[in-house]
Each structure stands twice: as C-alpha cells, then as structure tokens.
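# Structure at a glance
One-letter residues, chain by chain:
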Amino acid sequence: MARKNRRQIFENIKVIDAGAKGKSIAKAPDGKVIFINNAVPGDVVDIQTTKKRKSFYEGSATVFHKQSEKRVAPKCEHFGTCGGCKWQFMGYEHQLGYKQQEVINNLTRLGKIELPEVTSILGSSEQFFYRNKMEFSFSDSRWLTLEEIQSDTQIENRNALGFHMPGMWDKILNIDQCHLQADPSNAIRNSVNEFATKNELAFYNPRKQEGLLRTLMIRNSSIGEIMVLVQFFKEDIEKRTLLLDYLAQEFPEITSLQYVVNPKGNDTIYDQEVICYKGKDYIEEEMEGLRFRINAKSFYQTNSKQAYELYKVTRDFAQLTGEELVYDLYTGTGTIAQFVAKKAKKVIGVEAVPEAIENAKENAKNNHISNVEFYVGDMKKVFTKDFITQHGQPEVVITDPPRDGMHKDVVAQLLNISPNKIVYVSCNSATQARDLALLDETYKVTKVQPVDMFPQTYHVENVVLLEKR
C-alpha cells in the first residue's frame, strides 16, 4: 500500500511570531503551530509543509502575498543558501526584540521562576564583520545551485572553499564574500582558493577520504593581529611549502601562520600537533589593559567588542568590593577571572580543557595578576566538598557553562556551599532556565541582562544575578 503523502499547502497564512532556532511561527487552519524556516513575522504567505507532527507542522513559505514591515534586504549574496545569518532579512531592532522575548519566555515558561524587570537587551555596535574567528572547509565537489544543475554549461571547476551546507557533512558552499569577519578575511580565503586551484593542490573529498587541503581557519584581534591556520590531510612538503610561502608573501600582515597535518577521519585539530610556520604561535587580544594570548586551540568569545560588554555586565552584577573570594566555573582561558580579579580578594578558576588552563595561567603571569589560581578537570568531579575545604568558601560564584548548562551535581554543590551571589552567564537561556529552577528554592533572580553577541542570527547570551532569599 502506497504511503500517504502528508505534505499540505496552507494559503494566505499570516506569520505571527519568531521562535527557537531562527524559525518563524504561524497557525494552521486546524489550530496547530507551523514552524517556518524562511519567513519574517508580519509576512502573509502560502506554506508548503515538510513535516507533520501531533501538535505542529514544519514548512517553508512558497508564495509571499504580503511582505512584513520588519523585512530588510539581506546584504550577503549567499543568504538563503548558506546556513548562517538566518535573520539577515529582519531589521536589527526587531532581531533584538525577539531575542529579548525568547530569554523572558524561557526563564518564565521553562524555569517557571519569578523575574524582576528584565533590562533591555544590549545590542552590538557592529552588526556585520564582528567575528574574530572563522573556519572554512575545502571540497573538490562543491554544492551546485539549481540553475547550475539545469544549465547546459559544463562546469570545469568544482572546487570550493566555504561553509558546509545545512545538514550536509560532505557538501560545501563556495563563498565569495562573507559579511561576518573583517578584511583581510575574504581576501585571504579567496586568494587561497584561487592559488590552490591554479597550482593544482587537491581539495579534500570527505567521502573518499582523499585530497590535500582540508580547512582554513582565520582569527584576528582588535589590536590588528591575524592568525591563519591551514589544515592538510597528508604531508606533502613541496605543496605545503608552496601554499604557506604564498600566504606569507601575499599577506605580510599575518602575524601567526600555522599548519596541521591531520590524516584522521574528522577535521578537529584539538588532538593534533599545530606547527608554527612563520611568526608567533599565538595572537593577542587586549581588554582594559589586559593582554590575552590566543593560540590555535584557544576558546575566546568570537565577538571581541561585545565580549567586553558582556564581561562588564558580569563584573557589575558581581558587585565586588575587593574582599570576596570568587569562584569562576567553566573559566575557559580565564578571561572573566582576570577581568574581575582587580576587584576581588582572590579568584579560583576551574575548567575541563587542559590547554585552556595552561593559557589562563600564562595570561595571568603576563598580566602580572597574582590573586588568581586555575585548576583543570571535569567540573562535576573537581568542584567537590574537598575542593571547597582546600580553597575556601566563596562569597561569589561566576558560572559560564557550555550550551548544555551545568551538570546537576554542580548545581547541587552550589546549593551546598550557598554563596551569597551567583552570576550565571549563558549562551542558552533554555538550559539556564532549567538550572535556575533547581536553584530557585534558595536563590532569587534579582537582575537579568540579555546581550546580543551574534547579530543576524537567533543566538543570544544572557546574564542573571541570583541572590540568597
């Protein structure tokens, strides 16, 4: 028996809201919610459904009868094909409004906690070219547009250097100009693409596990330093030297030129040796006179200017007087710990990644900060009663966990030690809401400050101050 086609078309539907992960929201005639991937609240559209579930549909707008006043023309030629910058067709002031509302919805509906008045979201002064790190992938079989597929023209060059197509691990969209990272990022990427193709350096094929060039990472800093790292699938001294010498000569502004030879199945470099070819093996970022060394494996907030605003909010919420012992959980490379150290008696940072803690210690030494200590290990195993006994009872805890939020054992330990204040920095207000619900019996949320780190996307950071009831 043939499977029934569950796809439906709904006509003249008004898009009423923005939801999670960049989807917009409408209501079907039967009352179910429709999540739409290519519409703006205020649009009136026909919708072709792609999925049907018990309580909702998923679909795409196929006909636009009326366009929303919230719409703007996207700047990027790759918008709609590339998987990034999903909100580029929405005015920035409206992006901020929906991000703020998502934070409030998550904290109240998921966390079911009482909130003070939420401070207006802190927007980014730069809405484009704000990222300090970009990673591009090579492919010898780039993504073809529908027009190219239907064309009679023979496509000779299938090389690509760009981004993975959404949901496709082996398809790369070739990027001409990206609006996320400042120059010379686009010039470096396009020059590498052109030079490698001209000199017949083989682009990687992930299905066949063959080729030479795998990925290109570009990092920059607010003080003008640039890191470029090329990842090769195998060692070929002649061709590797050819490309790296070209980069060094063509872009003398590169202060750190590095490479990796990675023959394994995935392209993560965190278990690989990074080799410095020219210049330093790090770049530096500066914030309030503090210098932070960033190497190829370092985590650092990818919007440097807005990171400074985020850290200022965090420090303000902590309300330090100089007498407090502060714990900085999930400290990363210790940026927040060092940023607040001058207003604290002592700061203890804990992080699971050994290389990050090495960077934190080195940065603290270079910044002549003597009242910070850093420890490495899995948070739920390190942050124990014995650890507290050894290092002291904190008056303030700052926590900045990954997207999954804090482990329940970490939350339980926070309740056990019961610091006066907890400043919770989150890149995912849904998991933050879950953790706040667990803390709610002992702590009251007294301040909430959303911060937009990623314009043109649906992502939003949120800082919450919790004080004992």
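Figured I'd write up the structure that's included with this text. This is a predicted model, so every value here is computed, not measured.

About the cut-offs
- Residues numbered from 1 in each chain as written.
- Predicted model: local features only at pLDDT ≥ 70, side-chain atom pairs only at ≥ 80, totals over all residues.
- Heavy atoms only, no water.
- Pairing = 2+ DSSP bridges.
- Helix = DSSP H or I, 4+ residues; strand = E, 2+ residues; numbered from the N terminus.
- Axes fitted to C-alpha atoms, helices over the stretch in contact; angles between N-to-C directions.
- Contact = heavy atoms within 4.5 Å.
- Expected span 1.5 Å × (residues − 1).
- Buried < 20%, exposed > 50% of the residue type's maximum accessible area, 1.4 Å probe, protein only.
- Left-handed = near helix turned anticlockwise from the far one by under 90°.
- Nonpolar A, V, L, I, M, F, W, Y, C, P; charged D, E, K, R; others polar.
- Salt bridge = Lys/Arg side-chain N within 4 Å of Asp/Glu carboxyl O.
- Polar contact = N/O pair within 3.5 Å; in protein donor to acceptor, adjacent residues only side chain to side chain.

### Concerning the sheet that holds strand β10 (residues 226-232)
If you walk across this open sheet you meet the seven strands as β8-β7-β6-β9-β10-β11-β12, and the pairing is mixed. A strand with exactly one partner marks an edge of an open sheet, and here the two such strands are β8 (172-174) and β12 (275-279). Taken over all neighbouring pairs, the strand axes of this sheet differ in orientation by 30° on average, direction set aside. Relative to β8, strand β7 (residues 160-164) runs antiparallel, the two being bridged by three bridges. Residue pairing across strands places G162 opposite N174, the latter belonging to β8. Of the strands in this sheet, β6 (133-139), β7, β8, β9 (213-220) and β10 touch helix α3 (residues 185-198), which is tilted by about 160° from β9. Strands β9, β10, β11 (256-261) and β12 of the sheet are contacted by helix α4 (residues 237-250), whose axis makes an angle of about 165° with β10.

### A short note on the sheet that holds strand β15 (residues 325-329)
In a beta sheet, neighbouring strands pair by backbone hydrogen bonds and run either parallel or antiparallel. Read from one edge to the other, the open sheet built from seven strands follows the order β17-β16-β15-β18-β19-β21-β20, with strand pairing classed as mixed. Sheet topology places β17 (372-376) and β20 (443-451) at the edges, where each strand pairs with a single neighbour. Strand-to-strand twist in this sheet, taken as the mean axis angle between neighbours without regard to direction, amounts to 15°. As defined by bridge partners, strand β19 (residues 421-426) adjoins strand β21 (residues 461-468) across six bridges and the pair is classed as antiparallel. Paired with S426 across the bridge in β21 is N462. Where helix α1 (residues 92-110) meets the sheet, its contacts fall on β20 and β21, and the angle it forms with β20 comes to roughly 160°.

### A few points about α3
Every α-helical turn comprises 3.6 residues, leaving residues that sit three or four positions apart pointing alike. Over its 14 residues, α3 extends 20 Å from the first C-alpha to the last, a length consistent with the 20 Å expected when each residue adds 1.5 Å. Residues of α3 that are buried: S185, N186, I188, R189, S191, V192, N193, F195 and A196. On its buried face, α3 is in contact with β6, β7, β8, β9, β10 and α4. Positive phi shows up at E200, right after α3, with a value of about 55°.

### With respect to the packing of α1 against helix α11 (residues 429-439)
Running from N to C, α1 and α11 cross one another at 35°; their axes reach a closest spacing of 8 Å. Classified by chirality, the crossing of α11 by α1 is right-handed. When α1 is examined against α11, the residues E102, V103, N106, L107 and L110 are found in contact with a partner set consisting of S429, A430, Q432, A433 and L436. Of the residues that constitute the contact of α1 with α11, the class distribution is six nonpolar, three polar and one charged.

### With respect to the pattern of salt bridges
Scanning the model with the defined rule gives 18 salt bridges in all. D43 serves as the salt-bridge partner of R71, at 3.0 Å between the closest nitrogen and oxygen. Placement of the pair is R71 in the loop between β5 (56-66) and α1 and D43 in the loop between β3 (33-36) and β4 (44-52), with a sequence separation of 28 residues. For D43, a relative accessible area of 0% translates into the label buried. Between E373 and K346 there is a salt bridge, and its shortest N-O distance comes to 2.9 Å. Within this pair, whereas E373 is found in strand β17, its partner K346 is found in strand β16 (residues 346-351), the two being separated by 27 residues in sequence.

### Regarding the side chain of S298
Relative to the assigned elements, S298 resides in the loop between β14 (290-294) and α5 (304-318). Take S298: its relative accessible area is 4%, and that puts it in the buried class. One polar contact links S298 to N359, side chain to side chain, over a distance of 2.6 Å.

### A look at the side chain of Q301
Assignment of secondary structure puts Q301 in the loop between β14 and α5. In contact with Q301, not counting residues within four places along its chain, are N132, A307, L310, Y311, D400, M453 and E461.

### Here we look at unusual backbone geometry
Here the amide bond leading from D183 into P184 is cis, since omega sits at 15°, within 30 degrees of zero. Following the sequence through the fold, P184 ends up in the loop between β8 and α3. In this model, F129 sits at a positive phi of 55°, which is unusual for a non-glycine residue. As for its placement among the helices and strands, F129 is situated in the loop between α1 and β6.

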